[in-house]
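# Observations on chain architecture
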Amino acid sequence: MFCKLALRNVTRSLKDYAVYFLTLTFGVCIFYIFNSLESQWCMQMLSRSSHYIVDTILIFMDVFSVFVSVVLACLILYANTFLMKRRKRELATYFLLGLPTGKVSLLLVLETLLIGLLSLAAGLLLGVLLSHGLALLTMAMFASYPTDESFGFILSWKAIVKTVLYFGVIFLVVMGFTGLSVSRAKLIDLIQGGRKNEEMRERPLWRSVLTFLLGVVLLLIAYAMLLIRGINRIDSLFFLMLALGTLGTLLFFRSLSGFLLRLVKGHKKLYYKDLNMFVLRQFNSRIHTTYVSMTVICLLLLLAIGVTACCVGLNNTIGAMTDASAPYDFTIQNYSGDVSPTDIPALLAENGFDPDTQLKDAWFCNFYYNDPDLSVPGQGSSDTVLSLTDYNALMALQGKSGLTEAELPQLRTEALVTGFSGVGVYLVVDDAMASTLSVRRQIFVGNYAGDPQAAEAALTAALDSPDFYDTGSYNTTTKLQIYLENMGTKILVLFMGLYLGLVFLVTAAAVLALQQLSQAADNQPRYAILARLGAPENMRSKALFTQVFLSFFLPLALAVVHSIVGMTAANAVIASVGRVDSVQSSLVTAVLLLVIYGAYFLATYFGARTVVRGNG
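Remember, predicted model here, so these are calculated numbers, not experimental data.

Glancing now at the nonpolar core. Of all hydrophobic cores here, the largest spans 101 residues; its most connected members are Phe34, Phe167, Phe253, Tyr499, Tyr597 and Tyr600. Here this core takes 25 residues from helix 18 (residues 479-532), the largest share from any one element. Excluding anything up to four places from it in sequence, Tyr499 contacts Ile30, Phe31, Phe34, Asn35, Met61, Phe64, Ser65 and Val68. Of all hydrophobic cores here, the second largest spans 18 residues; its members include Cys365, Leu416, Val423 and Val428.

Here you go:
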């Protein structure tokens, strides 16, 4: 009978508080998806050539998972507090019927256990399905990587065990807090819990206006510090900037309860239109004690927007840098060219790699030490010199146009090798002048013919020959190596950013939804009075929609302003290493906001409408 009662309560709670259970399910789903990354096709491919990249990604994943679990634990505890508040009269009934405190606590523990099992099962099932979508996304990221491999359905038992373990601990903590709150509850407080109204204390208008102005000034100071100093210096002023921004946000929301209602009262037509007077007074009374939570929600939305937009923008920048750093399929550099010049193509042929058959095009040339007298008037000089023939040949392999003798000498900055060369600016001179200079370095560049992976395997085998490095000091970099390294960085940046961004967004939206559903239950008698006074249903629904919209829109509006300033500073840092695609990052972020935040808004409105109609 006891278990049957717990099961009935859980079934009823699933109907009345669907937002809470959807949030739990979504939290489990997100946690599983990103912790199953180790089993993804892309990680298995990266591990073949870059174990350290995979290890780095997994280490960051573990660290972020601990942080995410703490955030989700706080969200679940917060939501559970709202559920307990709505059930005060029910708990009082149990005590009046003679059920001891221990039995009531056990009942709630059983309910929490059932809720946890249901959320884990639903979240894991959804996570397993959506992880297949993540695999498709990673395959799209590797679209330019030459491979004919395929992958099947992904099921990570390690991620399942980790998810069950983390959320099992979270629900144990929730059970403990639930039992503690029941043991400390007083019967009189439980009986009168639904009758207590929020005490509204009027503030002088001048004080609210002064608070608002002070908050705006603090925000402007924080914005100025961020734009002037940037975000790449972490010092005492950086934390001062964060403190000023947080305090300014808090004062902004606190000031709204003082003058928002009075400001609208000045517009008589707007104030007395429909049920605007009722909506504004309800919103005004609620924001008086919820300004702290609105501040936290605004900051969570700021983190969600900023992290998501930055990770997408930086991800595009990293992708654009790949082609710039790898103009050829491979580059072999002989750093001992000034001591023992070597015919690198012939050396490769001797060790089993035939450049004539396995390369579709290639070029072997020298870098020279510059003569101190060689310079470009008005531009300066460089320590490295390249002949005109070699420069034009290297540019032709990249599909670019070369120079003429009439344009010489000339300083150039185009990439000459795949990978790191240590040469940022070099001087191009005619062949006759270059032949008089000392050889500084030899380079051999080329593009594979046929299957790039097979050709690179043959090149690697030749480079691994015992006698190859006896003739010089060689360094080899290939496009596939750079591609995999950059893809590892892209995966780390993109998925970690999406991981945190989604968690912050869901947390903010869930907290708002739970608050509005709780307030709708408190306002149900007031909406019933409006119905008896003759207010039509469409007018009451419009009033409820406006009330929920204001609660969702105000924190989002200020968070968007914060994020615009923050993204301006972040883009300045990203632009120093590559091009920033702010349009695409903004579109991705807007879509996530529209889908997740908008879905929570609609679910909250329809749930609150059901409650105020007396059906919840």
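So much for the structure itself; the text now carries on.
On the secondary structure map, Ala304 appears in helix 12 (residues 276-325). Residues Ala304 and Val503, 199 residues apart in the sequence, show an inter-C-alpha distance of 7.8 Å.

Every second residue of strand 5 (residues 426-429) is oriented toward a common face, with Tyr426 and Val428 on one face and Leu427 and Val429 on the other, all of them buried. Pairing of strand 3 (residues 384-387) with strand 5 involves three bridges; the strand directions are parallel. The partner of Leu386 across the bridge, within strand 5, is Val428. Inspection of the sheet shows strand 4 (residues 410-412) paired to strand 5 by three bridges, in the antiparallel sense. The residue bridging Arg412 from the neighbouring strand is Tyr426, located in strand 5.

What follows concerns helix 15 (residues 388-397). Counting buried residues in helix 15 gives seven out of ten residues, a clear majority hidden from the surface. Within the sequence span of helix 15, burial applies to Leu388, Asp390, Tyr391, Ala393, Leu394, Met395 and Leu397. Looking at the buried side of helix 15, the elements it contacts are strand 2 (359-369), strand 3, strand 4, strand 5, helix 16 (431-435) and strand 6 (439-448). Backbone geometry just after helix 15 places Gly399 at a positive phi near 80°.

Next up on the list: the pattern of salt bridges. This structure, assessed with the given rule, holds three salt bridges. When the shortest N-O distance is used, the salt bridge between Lys162 and Asp62 registers 2.7 Å. Separated by 100 residues along the polypeptide, Lys162 in helix 7 (residues 157-184) and Asp62 in helix 4 (residues 51-86) bring together distant segments of the chain. Its relative accessible area of 41% is what places Asp62 among the partly exposed residues. Notably, a salt bridge pairs Glu414 with Arg412, separated by 2.5 Å at the nearest N-O pair.

Read from one edge to the other, the open sheet built from seven strands follows the order 4-5-3-2-6-1-7, with strand pairing classed as mixed. Edge positions in the sheet fall to strand 4 and strand 7 (474-478), since each has one partner strand and no second. This sheet shows a mean twist of 30° between the axes of neighbouring strands, independent of strand direction. One ladder, built from nine bridges, connects strand 2 with strand 6; its direction is antiparallel. Within strand 6, the position partnered with Phe364 by the bridge is Phe444. On top of the sheet, helix 17 (residues 452-463) reaches strand 1 (330-334), strand 6 and strand 7; it is set at about 145° to strand 6, its chief contact.

Within strand 7, four of the five residues are buried, which leaves it mostly tucked inside the rest of the structure. In the sheet, strand 1 pairs with strand 7 via five bridges, with the strands oriented antiparallel. Of the residues in strand 7, the one forming a bridge with Asn334 is Tyr474.

What follows concerns helix 18. Helix length check: helix 18 (54 residues) gives 75 Å between terminal C-alpha atoms against 80 Å at 1.5 Å per residue, within 8%. The axis of helix 18 is deflected most strongly, by about 50°, at Asn523, and proline Pro525 appears within four residues downstream. Burial of helix 18 is extensive: 41 of the 54 residues sit out of reach of the surface.

With that settled, consider the packing of aromatic side chains. A ring pair, where both rings are aromatic, is described by two values, the distance of the centres and the angle of the planes. Applying the stated criterion across every chain yields a total of 17 aromatic pairs. Centre to centre, the rings of Phe545 and Phe601 are 5.4 Å apart; their planes meet at 75°, and the pair counts as edge-to-face. Of the two residues, Phe545 is situated in helix 19 (residues 537-575) and Phe601 in helix 20 (residues 582-612); the sequence distance between them amounts to 56 residues. Taking relative accessible area as the criterion, Phe545 reaches 34% and is therefore assigned partly exposed. Relative to Phe601, the ring of Phe552 has its centre 5.5 Å away and its plane inclined at 70°; by these criteria the two rings are edge-to-face. Taken as a pair, Phe552 in helix 19 and Phe601 in helix 20 lie far apart in primary sequence, 49 residues in all. Take Phe601: its relative accessible area is 13%, and that puts it in the buried class. One aromatic cluster in this structure is built from Phe545, Phe549, Phe552, Phe553, Tyr597, Phe601, Tyr605 and Phe606.

Cut-offs applied
- Residues numbered from 1 in each chain as written.
- Predicted model: local features only at pLDDT ≥ 70, side-chain atom pairs only at ≥ 80, totals over all residues.
- Heavy atoms only, no water.
- Core = buried A, V, L, I, M, F, W, Y, C linked by side-chain atoms within 4.5 Å.
- Buried < 20%, exposed > 50% of the residue type's maximum accessible area, 1.4 Å probe, protein only.
- Helix = DSSP H or I, 4+ residues; strand = E, 2+ residues; numbered from the N terminus.
- Contact = heavy atoms within 4.5 Å.
- Pairing = 2+ DSSP bridges.
- Salt bridge = Lys/Arg side-chain N within 4 Å of Asp/Glu carboxyl O.
- Axes fitted to C-alpha atoms, helices over the stretch in contact; angles between N-to-C directions.
- Expected span 1.5 Å × (residues − 1).
- Bend = angle between axes of the 7 residues up to and from the residue.
- Phe/Tyr/Trp six-rings, centres within 6.5 Å; stacked < 30°, edge-to-face > 60°.

The analysis is restricted to geometry; functional conclusions fall outside its scope.
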